[in-house]
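What follows is each chain in one-letter form.
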Amino acid sequence: MTRIPRITLITLLTLSWACLQAQVTSTAPPSKMANGLMAVDAGAQPLRMTRHEVDVTIINGFAEVQVEQAFANPNDRVLEAIYRLPLPQRGVLSAFSIQRGTQSIQHGEVIARDRAQAIYRSERQLGNDAGLAKKQSYQWLTFQVTNVPAAGEVTIRHRYYQPLRLDHGIGRFLYAREPGGTEDAAAAAFWSGNVTQGQEHFRFRCRIHSAWPLADVRLPGYDTEAAIDQPDDGIWEATLDQPASDGRDVVVYYRLADDLPGRVELIPYKADADSPGYFMLVLTPGLDLKPRLNGVDHTFVLDVSGSMQGKLGTLSTGVQRALGRLSGRDRFRLVAFSTSAHLIQDMTVATPQTVRAACHKVAALGAKGGTDLHAGLQTGLDDLDDDRASCVVLITDGVTNNGVLSPKAFDRLSRAQDVRIFGFLMGNAANWPLIDTICTASGGFYQSVSNQDDIIGQILLAKEKMVRECLHDARLDIDGVRVFDTTDGTIGKIYHGQQLVLFGRYDDGGKATLTLDARLTGADKAYRTTIDFPDVATDHPELERLWAMNRVEDIQHRQALLQLSPTEARTAVRDLGVDYQIVTDQTAMLVLSDEAFQRHGIDRANRERSRREATAREARQGRPVTNHRVDQAAPMFNRPANQTTSGGPRNGAGAGTIGPWLLLALAALATAAWWHKRQTAA
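Since the model is a prediction, treat every value here as computed from it, not as a measurement. For every chain, the first residue of the written sequence is number 1, and numbering continues from 1 onward in sequence order. This being a predicted model, a pLDDT of at least 70 is required before a residue's local features are given, and a value of 80 or more before pairs of side-chain atoms are given or counted; all residues contribute to the totals for chains, interfaces and linings. By convention in this description, side-chain values take in all heavy atoms of the structure and omit both hydrogens and water.

Undergrad: Give me the lowdown on the sheet that holds strand β27 (residues 483-484), citing residues and values where you can.
TA: Between any two strands, pairing holds if DSSP finds at least two bridges. Helix and strand assignments come from DSSP, with helices taken as H or I runs of at least 4 residues and strands as E runs of at least 2, each series counted from the N terminus. With respect to topology, four strands assemble into an open sheet ordered β18-β19-β29-β27, the strand pairing being antiparallel. A strand with exactly one partner marks an edge of an open sheet, and here the two such strands are β18 (263-269) and β27. Examined bridge by bridge, β18 and strand β19 (residues 277-284) share seven bridges and lie antiparallel to one another. Note on β19: the bridge partner recorded for Y269 is Y278.

Written out as structure tokens, the structure is:
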């Protein structure tokens with residue numbers, strides 16, 4: 001019997017409604033607050049956001065985001081306030097400033113975290129104006145501000161960069177604002193009883209600069225409110241203006257035109273011929289990845305822990321509908337987990353009778369106990385049929401608090417079989433580093449999902465990858481130019497519609513040979529082209545910070561999995577943060593007066609770096625959008641890029657089974673609507 005290569009696809013729909021929480025000063029009790037509110041001293045009224053303005057520019061593979069937020073102090077005394085907001089995934093904070101009336105302190109400087117906190121405390125005790133921005137794990141950015149004037153207003157401005165990538169020719173940018181909760185609902189209600197949400201004037205503008213023609217731009221959930229136009233060639237603009245905001249996330253989708261070529265783009269930065277260069281290499285493959293048409297084994301792994309209370313009804317409805325859409329070629333089984341995991345339905349052919357019986361079992365599930373994600377995942381992976389394509393659907397709220405918690409253990413579990421894990425991570429402060437570890441180890445990947453997302457569209461994009469061949473054992477090499485400190489060139493698998501992004505540094509400019517080696521259905525494949533690295537390129541100094549954050553994440557990932565010396569890892573992360581002026585777990589951004597910076601002996605490295613970035617930004621605004629494709633003369637791929645169109649996925653996209661994924665997406669959307677309605681009512 002011919003063995004069918006096993007393709008095990010685990011999708012993590014992590015319903016992790018992350019509660020936006022504001023910390024308080026040492027004299028105040030803990031307080032959970034929505035995005036846009038500041039915590040203050042005990043007994044004081046909370047500061048309220050009165051104005052919230054966001055300007056986003058998307059260009060050449062990354063977004064620059066500038067945020068301005070004004071807060072009013074209704075109290076009759078001066079306050080210190082602490083403001084917390086979701087940390088954008090792979091976001092790089094580059095600027096932080098504070099303004100009170102006509103007085104402002106600008107150009108925050110990044111120094112070692114312990115020293116920054118000590119200086120901030122000393123300046124606060126002296127009654128001086130000061131600010132501090134720091135990162136709280138993977139979840140939050142926290143801004144501390146002294147001397148918020150009585151019956152007055154303070155304005156906070158910050159800027160960050162974030163790398164983006166296309167999926168099937170579709171780009172996505174998320175500006176996270178929503179509160180939510182995987183935490184205990186009663187506790188959240190108690191602590192947030194004095195909070196009024198959604199009062200600020202909210203203005204959002206996103207400008208997309210694209211060297212490739214765009215077919216459409218949309219903001220889901222804001223279809224009647226958003227103004228979208230094309231003010232110039234290569235530029236689209238989306239604008240929202242809400243006098244009284246409801247606090248929802250903003251997601252911007254932009255879709256490239258059809259039939260664009262598979263391509264290689266190189267975005268470089270090299271200050272001069274004698275300095276090292278930085279680059280972001282973007283591959284948008286054009287590959288002939290054929291569809292698979294066989295039936296699939298579906299394993300539903302369901303989180304029934306206590307934190308799923310209130311969500312289990314929607315989960316049950318979604319799973320029952322998904323089961324009802326399976327074809328006679330499919331089989332399914334059901335696993336439930338909380339403090340432990342157990343099988344509630346063994347693998348069986350999907351007939352009307354077996355589906356009906358399984359639906360009764362799902363409807364009878366109750367929520368209680370802790371969450372052992374490792375046990376649930378392990379049970380879902382056990383006893384898979386090597387001769388069948390398998391699809392394991394893991395539905396959880398991401399509260400992993402029992403059993404095995406080590407990222408290294410999840411990495412081993414994911415590598416133990418020929419497994420592909422696709423993560424859908426819902427929520428603005430969910431544990432994306434753990435999900436990234438799980439997915440990367442399996443050769444898969446994850447996608448964060450907001451309540452405002454086109455969730456059905458996200459599932460459609462994943463389905464395209466699930467029902468098609470993929471490239472295996474992919475590796476990228478650059479010869480002819482010395483490159484170093486790069487993202488690992490061992491890519492593993494490449495899926496339909498996937499875009500690859502590589503960060504690195506290089507010495508001298510010159511011609512280089514770029515080779516992508518891989519295997520497709522057992523045959524070796526090689527894709528090759530020649531590209532030019534420039535001796536001088538000054539358009540994108542932001543690449544230095546993006547490269548540095550990429551290195552920080554690589555160091556932290558290797559420490560978690562390879563048990564590198566914590567001291568060495570902390571030192572490396574701190575040095576990168578200070579050298580490139582980025583906020584990490586070991587650094588913080590301190591905002592002081594010029595006199596205070598001088599008194600504490602702090603160099604103005606970030607002020608100079610920010611000015612260099614501003615100069616480059618202004619120069620770009622006066623020119624047409626640059627096309628950074630570098631393989632025109634010798635195209636690396638001889639097919640159009642794999643993408644979708646408004647009429648649905650291309651190239652045989654009808655292959656495979658979509659019912660479970662589509663209906664589980666609807667279930668997730670219903671859960672989002674339920675939670676948002678509950679929060680609004682509260």
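Undergrad: So what's going on with the environment of G504? Residues and values would help.
TA: With respect to the helices and strands, the residue G504 is situated in strand β29 (residues 500-506). Taking the C-alpha atoms as reference, G504 lies 5.4 Å from D485; in sequence the two are 19 residues apart. In what follows, a contact means two residues having at least one pair of non-hydrogen atoms within 4.5 Å. Sequence-distant contacts of G504, that is, excluding residues within four places in its chain, are made with G277, Y278, F279, F484, D485, T486 and W547.

Undergrad: Give me the lowdown on the environment of V335, citing residues and values where you can.
TA: Within the secondary structure, V335 is located in strand β21 (residues 331-337). Look at V335 and you get buried, because its relative accessible area is 0%. Considered as a pair, V335 and V301 are 34 residues apart in the sequence and their alpha carbons are 4.6 Å apart. Apart from residues lying up to four places away in sequence, V335 is in contact with T299, F300, V301, L302, H342, L343, I344, G376 and T379. Partly exposed describes any residue whose relative accessible area lies between the buried limit of under 20% and the exposed limit of over 50%, with all areas from a 1.4 Å probe on protein chains only and scaled to the type maximum.

Undergrad: Can you lay out the pairing of strand β3 (residues 47-59) for me, pointing to particular residues and giving the numbers?
TA: Alignment of β3 against strand β4 (residues 62-72), held across eleven bridges, turns out to be antiparallel. Across the sheet, I58 pairs through a bridge with A63, a residue of β4. Note: β3 against strand β13 (residues 201-209), nine bridges, orientation parallel. Opposite T57, over in β13, you have R207 as the bridge partner.

Undergrad: Any chance you could break down the pairing of strand β9 (residues 131-136) for me, citing the residues and the numbers?
TA: Among the six residues that make up β9, six are buried, leaving the element largely enclosed by the rest of the structure. Burial along β9 is two-sided: G131, A133 and K135 and L132, K134 and Q136, pointing in opposite directions, are all buried. Across four bridges, β9 lies against strand β32 (residues 587-591) in antiparallel orientation. Considered in β32, the bridge of A133 is made with M589.

Undergrad: Could you give an account of the packing of helix α6 (residues 407-415) against helix α7 (residues 432-442), naming the residues involved and the relevant values?
TA: Inter-axis angles, ranging from 0 to 180 degrees, are taken between N-to-C directions of lines fitted to C-alpha atoms, where helices are fitted over the stretch in contact. The N-to-C vectors of α6 and α7 enclose an angle of 30°; their axes lie 8 Å apart at closest approach. With respect to their mutual orientation, α6 and α7 come out roughly parallel. Two packed elements cross with a definite hand, and for α6 against α7 that hand is right-handed. Counted together, P407, F410, D411, S414 and R415 of α6 and L434, T437, I438, A441 and S442 of α7 form the full contact between these two elements. Ten residue types, Ala, Val, Leu, Ile, Met, Phe, Trp, Tyr, Cys and Pro, are classed as nonpolar, four, Asp, Glu, Lys and Arg, as charged, and the remainder, Gly among them, as polar. Class assignment of the residues belonging to the contact of α6 with α7 gives a composition of five nonpolar, three polar and two charged. For classification purposes, angles smaller than 35 degrees are called roughly parallel, those larger than 145 roughly antiparallel, those between 65 and 115 roughly perpendicular, and all remaining angles oblique. The handedness criterion is simple: a crossing whose near helix is rotated anticlockwise from the far helix by less than a right angle is left-handed, and one whose near helix is rotated clockwise is right-handed.

Undergrad: Quick one: what's the story with the confidence of the model for the protein chain, residue by residue and with numbers?
TA: For every residue, the pLDDT score states the predictor's confidence, bounded by 0 at the bottom and 100 at the top. When pLDDT is averaged along the protein chain, the result is 80; 77% of the residues meet or exceed 70. Here residues 1-37 is a poorly scored stretch, pLDDT under 50, and it has 175 contacts once near neighbours within four places are set aside; other chains count. Predicted confidence for residues 180-198 stays below pLDDT 50, and this span has 38 contacts to residues more than four positions away or in other chains.

Undergrad: Hey, could you go over a negative patch on the surface for me, with residue numbers and the actual values?
TA: Surface patches are drawn from residues lacking salt bridges whose relative accessible area is over 30%; two like charges belong together within 9 Å, two nonpolar side chains (Val, Leu, Ile, Met, Phe, Trp, Tyr) within 5 Å. Every accessible area reported is derived by Shrake-Rupley at a probe size of 1.4 Å, with residue values counting cover from the shown protein chains alone. In the sections that follow, a salt bridge refers to a side-chain nitrogen of Lys or Arg positioned within 4 Å of a carboxyl oxygen of Asp or Glu. Charge counting follows a simple rule: Lys and Arg are positive, Asp and Glu are negative, and His as well as the terminal groups are ignored. Taken as the charge location is NZ of Lys, CZ of Arg, CG of Asp or CD of Glu. There is a patch of like negative charges on the surface, built from D272, D274, D508 and D535. Along the chain, D535 falls in the loop between β31 (523-533) and α9 (542-562).

Undergrad: Can you tell me about the sheet that holds β9, naming the residues and giving the values?
TA: Spatially, β5-β10-β9-β32-β8 is the arrangement adopted by the five strands of the open sheet, whose pairing is antiparallel. Two strands lie at the open edges of the sheet, namely β5 (79-86) and β8 (109-112), each paired on one side alone. Strand-to-strand, the axes of this sheet are offset by a mean angle of 25°, without reference to chain direction. Note that β9 and strand β10 (residues 140-148) share six bridges and pair antiparallel. In the strand pairing of β10, L132 is matched with Q144.

Undergrad: Could you give an account of the pattern of salt bridges, with specific residues and numbers?
TA: In this structure the tally under the stated criterion is 42 salt bridges. Close ionic contact of R205 with D55 constitutes a salt bridge, the shortest N to O distance being 3.2 Å. Separated by 150 residues along the polypeptide, R205 in strand β13 and D55 in strand β3 bring together distant segments of the chain. A salt bridge links E608 to R611; its shortest N-O distance comes to 3.5 Å. With E608 and R611 both in helix α12 (residues 605-621) and three residues apart, the pair spans about one turn of that helix. On the basis of relative accessibility, which here comes to 39%, the residue E608 falls in the partly exposed class. One network of salt bridges, in which partners are shared, links R51, E53, D55, E68, R157, R203, R205, R207 and E237.

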